[in-house]
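Architecture and fold: a report
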Number of protein chains: 2
Amino acid sequence: MAEFRQNMATKEWVIIANERAKRPDAFVEKHKPVITETQLFHDPKCPFCPGNEELDLEIERLPEDGAWQTRVVLNRYPALSQRGEVLRTFDGVHRSITGVGYHEVVVENPRHNTTLALMTPQEIKPYLQTIYSRGWDLQKDRRIEQVIYFKNHGERAGASLRHPHSQIIGLPVVPNDIRRRIEEARRYFDDTGYCVYCTMMKDELKNKVRLVTLSKHFVAFVLYAAPAPFHMWIIPRKHSVSFLYIQEDELTDLAYVLHDVLRRLYVGLRDPAFNLIIRSAPVKEISNDYLHWYITIVPRLSRSAGFELGSGIFINPAIPEESAAFLRRVKV
Amino acid sequence: MAEFRQNMATKEWVIIANERAKRPDAFVEKHKPVITETQLFHDPKCPFCPGNEELDLEIERLPEDGAWQTRVVLNRYPALSQRGEVLRTFDGVHRSITGVGYHEVVVENPRHNTTLALMTPQEIKPYLQTIYSRGWDLQKDRRIEQVIYFKNHGERAGASLRHPHSQIIGLPVVPNDIRRRIEEARRYFDDTGYCVYCTMMKDELKNKVRLVTLSKHFVAFVLYAAPAPFHMWIIPRKHSVSFLYIQEDELTDLAYVLHDVLRRLYVGLRDPAFNLIIRSAPVKEISNDYLHWYITIVPRLSRSAGFELGSGIFINPAIPEESAAFLRRVKV
């Protein structure tokens, strides 16, 4: 029989379709070859490739001199505008706010045809440092309430350019979705005195069945109430509300864990499309006690349809414990 | 400049990407021919085609004798099981409920290669009557808290079978998403004494710019805070919490409006994939004053990616007023 499972942090239910579940290897993109090394490839038309840099859009690069490892540029077609004031218009049932905010692109590596799974942890570290640096910069703008750090990999995950890149959007509002997470976390803290994310993480460490990778500072696991196949969290062991509080040694460790997890996905499932999100506290909530930052990785292996739209409940055709066991067995 | 808009009923924000918005005709699926009439096509392998009926799965048909117009069958691979008790397990941070519920399929028409846009209002009426009849039946089961009525049309919307069909899922829980809508509607009612949906609908009638179709009993419009291009509501003018309170003449009228709206999409955009959801009150909330049932139509013309997953805010690359004007101009 299928099973409803609840995510304790969000109180969202999912349906784990036990009976009609597919085995983990059914999600392998068998038509794709496994590529574990790439030849340097330079696309003369790619705006992110070395030599083609659009310098008018550049915000920062690392290192500042010599050949860059990562670059940050303005999105050429930004969803939001950096200039302007946050003006709220309340006109009957119509409420609007001017589309002020940031929309930046992080070029993760000079190499056109690589991806985080093929980069080394040493190459991933400057990428994380760059996100950290941009996060602090956006955080200083009084108009910004929330920063969303995300990556779309592969067409099914919404990526339109091949060159490995992530995006950062700074918003003048705290999205409702995030407000509700805060409310749930506050309620749990009020009821128990604990952070719900710490509690969930400790439970995974004890249960072990959904673990994917462990390191000194991080725990990666498939979520008990995973809304989709192989839906994972990478969460710091130390209670911390914001990614922006990360320490140097934790960042080094995170580069290793992120590489390990993404490589398991890449090799095990043959480069599935995925979204990656760094879930970090709203700008003005970074001193609260009950939130906990983490990274979500959402492979795009199933499709949401009318039922998910109508109910908000996702049907997961993979059993989380089996997904985790599969990923643990992948040779990286 | 882009604009944040808020859906008053859900308080969700969307970003209307004014600057980088596409014109409505950019969403036309130009590679598809416009087919406005279909030859009867019978697929010998289709389990929904006349002659292939799987009678062991049949729940009801309309009419009961002679050639059927609509049929309801059990889903051969149900997400939930009809037999069993709703058992809740609370074990630390793990909360689960047995996967008890209903998962039925409504075959909308005997013809394999038709769709609601190509059917006549007279053919759509028995389809709506069938949904109504199944809704009342599921409502009687004390285990059921919420019924989700939905349709996936086209591959991008999650449809796996071509033969026109809808689905009905009966759930033993009220999804969080729906609970939050109830809370918001209750708050609006407490604050103002009005149903927020009635207020929004009256505003659309007054403003006119987002209207698509009007009839005696229904109003169809593109949402002010549409999360995606051409996202529409069809809402009854009369305040009513549940689809199951619909009257005979309203049902006849709804068949006409639904046909009109879907035909505008079909002809105007050349048969885009879409999801259709009947949003009706939870089983045990059908006597409240502040909810209002309606139909949502969500064409799948844009893709959600990491930003939407991380923020819950959708970026709509079409301007709702332009989408509505485009649909109004379509010759149906």
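In what follows, the accompanying structure is described. (Residues numbered from 1 in each chain as written. Chains lettered and ligands numbered in written order. Predicted model: local features only at pLDDT ≥ 70, side-chain atom pairs only at ≥ 80, totals over all residues.)

Digging into the overall build of chain A
Short version of the rule: The helix count covers DSSP runs of H or I at least four residues long, the strand count covers runs of E at least two residues long, and both are numbered beginning at the N terminus. To get the radius of gyration, use the C-alpha atoms; to get the globule rule, take the number of residues to the power 0.38 and multiply by 2.2 Å. Once C-beta atoms are placed from the backbone, each residue is buried if 20 or more other C-beta atoms lie within 10 Å of its own, exposed if 12 or fewer, and partly exposed for counts between those two. Contact between two residues is assigned when their C-beta atoms, built from the backbone, lie within 7 Å.
A tally of regular secondary structure across chain A gives six helices and 15 strands. For chain A, whose C-alpha radius of gyration is 20 Å, the value lies close to the compact-globule estimate of 20 Å for 332 residues. Taking the principal axes of its C-alpha atoms as reference, chain A extends roughly 60 × 55 × 40 Å. Within chain A, buried positions represent 52% of all 332 residues. Across chain A, contacts joining residues at least 24 apart in sequence account for 71% of those joining residues at least 6 apart.

Things to note about the sheet that holds strand E15 (residues 314–316) of chain B
Selection rule: For two strands to be treated as a pair, DSSP must find no fewer than two bridges joining them. Between the N-to-C directions of two axes lies an angle of 0 to 180 degrees, each axis being a line fitted to C-alpha atoms and, for a helix, fitted only over the stretch in contact.
Across the sheet, five strands lie side by side as E5(A)-E6(A)-E1(B)-E2(B)-E15(B); this open sheet has mixed pairing. Two strands lie at the open edges of the sheet, namely strand E5 (88–91) of chain A together with E15 of chain B, each paired on one side alone. The average undirected angle you get between the axes of adjacent strands in this sheet is 25 degrees. As paired elements, E5 of chain A and strand E6 (residues 94–98) of chain A share four bridges and run antiparallel to each other. Paired with Thr89 of chain A across the bridge in E6 of chain A is Ser96 of chain A.

Side note on the interface of chain A and chain B
Heads up, the condition is: Nonpolar residues are Ala, Val, Leu, Ile, Met, Phe, Trp, Tyr, Cys and Pro. Charged residues are Asp, Glu, Lys and Arg, and all others, Gly as well, are polar.
On the chain B side, the residues contacting the 59 residues of chain A number 59 residues. For the side of chain A that touches chain B, a count of residues per class yields 30 nonpolar, 18 polar and 11 charged. As paired elements, strand E1 (residues 3–6) of chain A and strand E6 (residues 94–98) of chain B share four bridges and run antiparallel to each other. What sits directly across from Arg5 of chain A, in E6 of chain B, is Ser96 of chain B.

Some words on helix H3 (residues 196–207) of chain B
Residue and element names in this part refer to chain B. Our working definition: To estimate the expected span of a helix, count its residues, drop one, and scale the result by 1.5 Å. Working definition: the arc comes from the directions between the helix axis and the C-beta atoms, pointing outward to the latter.
Here H3 contains 12 residues, and its C-alpha end-to-end distance of 16 Å stays within 8% of the 16 Å for a straight helix at 1.5 Å per residue. Of all the positions in H3, only Val196, Tyr197, Met200, Met201 and Glu204 are classed as buried. Across the axial projection of H3, the buried residues extend over an arc of 135 degrees, all falling on one side. Where H3 is buried, its residues contact helix H2 (176–192), strand E10 (211–214), strand E11 (218–222), strand E12 (232–236) and strand E14 (294–299). At the C-terminal side of H3, Lys208 shows a positive phi close to 70 degrees.

Digging into the environment of His103 of chain B
All names here are of chain B. Here His103 lies in strand E7 (residues 102–107). For the pair His103 and Ile169, spaced 66 residues apart in the sequence, the C-alpha separation amounts to 4.5 Å. Dropping the residues within four chain positions of it, His103 is found in contact with Asn75, Pro78, Ala79, Leu80 and Ile169.

Some thoughts on the pairing of strand E2 (residues 13–16) of chain A
Residue and element names in this part refer to chain A. The alternating pattern of E2 places Trp13 and Ile15 and Val14 and Ile16 on opposite faces, both of which are buried. Here E1 pairs with E2 via four bridges, running antiparallel. The residue of E2 that forms the bridge with Phe4 is Ile15. Taking the residues between adjacent antiparallel strands as the criterion, E1 and E2 are bridged by six residues, where Lys11 takes a positive phi near 65 degrees. Relative to strand E15 (residues 314–316), E2 runs parallel, the two sharing three bridges. Counterpart to Ile15 in the pairing with E15 is Ile315.

As for the pairing of strand E8 (residues 146–153) of chain B
Successive residues of a regular strand alternate their side chains across the two faces of the sheet. All names here are of chain B. Most of E8 sits inside the fold, with eight of its eight residues counted as buried. Of the two faces of E8, the one lined by Gln146, Ile148, Phe150 and Asn152 and the one lined by Val147, Tyr149, Lys151 and His153 are each fully buried. Note: E8 against strand E9 (residues 165–171), five bridges, orientation antiparallel. When the sheet's bridge partners are listed, Ile148 is paired in E9 with Ile169. Of the pairings in the sheet, the one linking E8 to strand E13 (residues 274–279) comprises five bridges and is antiparallel in character. The partner of Lys151 across the bridge, within E13, is Leu276.

Considering helix H1 (residues 121–139) of chain A
Residues and elements named next belong to chain A. Compared with the 27 Å implied by 1.5 Å per residue over 19 residues, the 27 Å span of H1 between its first and last C-alpha is a close match. Taken as a whole, H1 has its buried residues at Ile124, Lys125, Pro126, Tyr127, Leu128, Thr130, Ile131, Arg134, Gly135 and Leu138. Elements that come into contact with the buried residues of H1 comprise strand E3 (58–62), strand E4 (70–74), strand E7 (102–107), strand E8 (146–153), strand E9 (165–171) and helix H4 (248–269).

A look at the relation of the copies chain A and chain B
Put simply, the rule is: Least-squares superposition aligns the copies on the C-alpha atoms of those residues with pLDDT at or above 70 in both.
It takes a turn of 180 degrees to lay chain A on chain B, together with a shift of 0.0 Å along the axis; the resulting RMSD is 0.0 Å. What the rotation and shift describe, once combined, is the action of a two-fold rotation axis. No C-alpha of chain A approaches the rotation axis more nearly than that of Arg180 of chain A, which lies at 4.9 Å. Interface residue correspondence from chain A to chain B reaches 100%, placing this contact among same-surface, isologous pairings.

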